[in-house]
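Tertiary structure, described
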Amino acid sequence: MANIDISLDDIISAKAPPRRAPGGRRAAPRAAAAAAAPRAAAATAPRAAPRAARTPRAAANTRAAPYRRGGAAEGEHMANASVADVAHSSRPLLKVKGESRPNTVAGAICSVLRQARGDAALAVLATGPAAINQAMKAMAIARKYLLEEPTPVDLVCTPVFEQDVRAGSNVSFQVSKSSKIIEREPLEEDLAAKEKTDVFKLAGAIAGRIRDGEEVAVTTKGAIPVLVVVKAIATAQDYLSEAEISLKFVVSIVDLENPEIRDATSTYLHFAIVSEKN
């Protein structure tokens, strides 16, 4: 199976999605279908036998591939079957929604990476500020899990936008394991992002520090500021392409003093950016 183009919430749901006709369209009403049957009979392939009349081979195929078009096999928990199915595909892909739970997403990310073939990267697709924010929280939690394993590995990400970053918020995070652990604590000189931070100025600051050989990190909180940071990292990558430098990042959840609230701490996302010479 190549890309498994289903959302993570569908994967972790215990209830199979409503059945649909082939092609993703809703099945026609019974009366309309009966009226159309004489015309369609000559042009369509023979109908599949009812479930009770299927051969043992057909039943086995249904159990082995519960995420083919048409829905999952009845009585099977989608989470238990599909995570392995995604992990064993040639191009693992998960979708995250704005309502996805970061802890659940993190568990799925870890499971896929543990079971994936070789060093295959996982693509985590998120669209919109809320979904991207949840995806970043999930990756921070997944990274913590992987760093606590007997043989710790780090979780590195590369953002790839499917549209121009000026207008788009549809991003695929290319996620992979790394034996090199990135140890980067928040510092006062780290960059910061807010809702009205200019993406291109932040990208220029990131690229400038990379060119100067400095360590770069950005701290932020909130869905819109997180989107700004992700866009800035992708844009900085474009700025550095002529120098043949590629960028990745690791993300963690940190508690820091909030300068806007006296004597209070807040939870932030800390993006530590790492560069590699191509």
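Residues numbered from 1 in each chain as written. Predicted model: local features only at pLDDT ≥ 70, side-chain atom pairs only at ≥ 80, totals over all residues. Heavy atoms only, no water.

Quick look at the overall build of the protein chain now. A count of helices and strands for the protein chain gives eight helices and eight strands. Here the contacts in the protein chain between residues at least 6 apart in sequence split such that 71% fall between residues at least 24 apart. (Helix = DSSP H or I, 4+ residues; strand = E, 2+ residues; numbered from the N terminus. Contact = heavy atoms within 4.5 Å.)

The next subject is the packing of aromatic side chains. Within the structure shown, the criterion is met by two aromatic pairs. Relative to Phe 249, the ring of Phe 173 lies with its centre 6.4 Å away and its plane at 85°, an arrangement referred to as edge-to-face. Taken as a pair, Phe 173 in strand 4 (residues 170-178) and Phe 249 in strand 7 (residues 245-257) lie far apart in primary sequence, 76 residues in all. Phe 249 matches Phe 173 in its accessibility class, with the two residues each being buried. Feature note: the residues Phe 173, Phe 249 and Phe 271 constitute an aromatic cluster, connected by ring pairs. Taking the ring centre of Tyr 268 as reference, the NZ or CZ of Lys 221 above it sits at 5.6 Å. (Phe/Tyr/Trp six-rings, centres within 6.5 Å; stacked < 30°, edge-to-face > 60°. Buried < 20%, exposed > 50% of the residue type's maximum accessible area, 1.4 Å probe, protein only. Lys NZ or Arg CZ within 6 Å of the ring centre and 35° of its normal.)

What follows deals with unusual backbone geometry. What is expected of a backbone is that most residues other than glycine have negative phi and most peptide bonds are trans. The phi dihedral of Glu 244 falls on the positive side, at around 55°, and the residue is not glycine. Examined against the element boundaries, Glu 244 turns out to sit in the loop between helix 8 (223-239) and strand 7.

On to helix 8, then. Compared with an ideal rise of 1.5 Å per residue, which puts 17 residues at 24 Å, helix 8 spans 24 Å between its outermost C-alpha atoms and is within 8% of the ideal. Counted residue by residue, helix 8 has twelve buried out of 17 residues, so it is predominantly covered. Taken residue by residue, helix 8 has Pro 225, Val 226, Leu 227, Val 228, Val 229, Val 230, Lys 231, Ala 232, Ile 233, Ala 234, Thr 235 and Ala 236 as its buried positions. (Expected span 1.5 Å × (residues − 1).)

The next thing to look at is the confidence of the model for the protein chain. Averaged over every residue, the pLDDT of the protein chain is 76; residues scoring 70 or more account for 69%. For the stretch residues 1-8, pLDDT sits under 50, and the model shows 23 contacts to residues farther than four places along the chain or on other chains. Here residues 10-81 is a poorly scored stretch, pLDDT under 50, and it has 48 contacts once near neighbours within four places are set aside; other chains count. (pLDDT = per-residue confidence, 0-100.)

Further remarks concern the packing of helix 7 (residues 199-211) against helix 8. Where helix 7 contacts helix 8, the two axes come as close as 8 Å, and the packing angle between them is 55°. What the angle tells us is that helix 7 and helix 8 run oblique. The crossing of helix 7 and helix 8 is right-handed. Where helix 7 approaches helix 8, its residues Val 199, Phe 200, Leu 202, Ala 203, Gly 204, Ile 206, Ala 207 and Arg 211 are matched on the opposing element by Val 228, Val 229, Lys 231, Ala 232, Ile 233, Thr 235, Ala 236 and Tyr 239. Grouping the amino acids of the contact of helix 7 with helix 8 by side-chain chemistry returns twelve nonpolar, two polar and two charged. (Axes fitted to C-alpha atoms, helices over the stretch in contact; angles between N-to-C directions. Parallel < 35°, antiparallel > 145°, perpendicular 65-115°, else oblique. Left-handed = near helix turned anticlockwise from the far one by under 90°. Nonpolar A, V, L, I, M, F, W, Y, C, P; charged D, E, K, R; others polar.)

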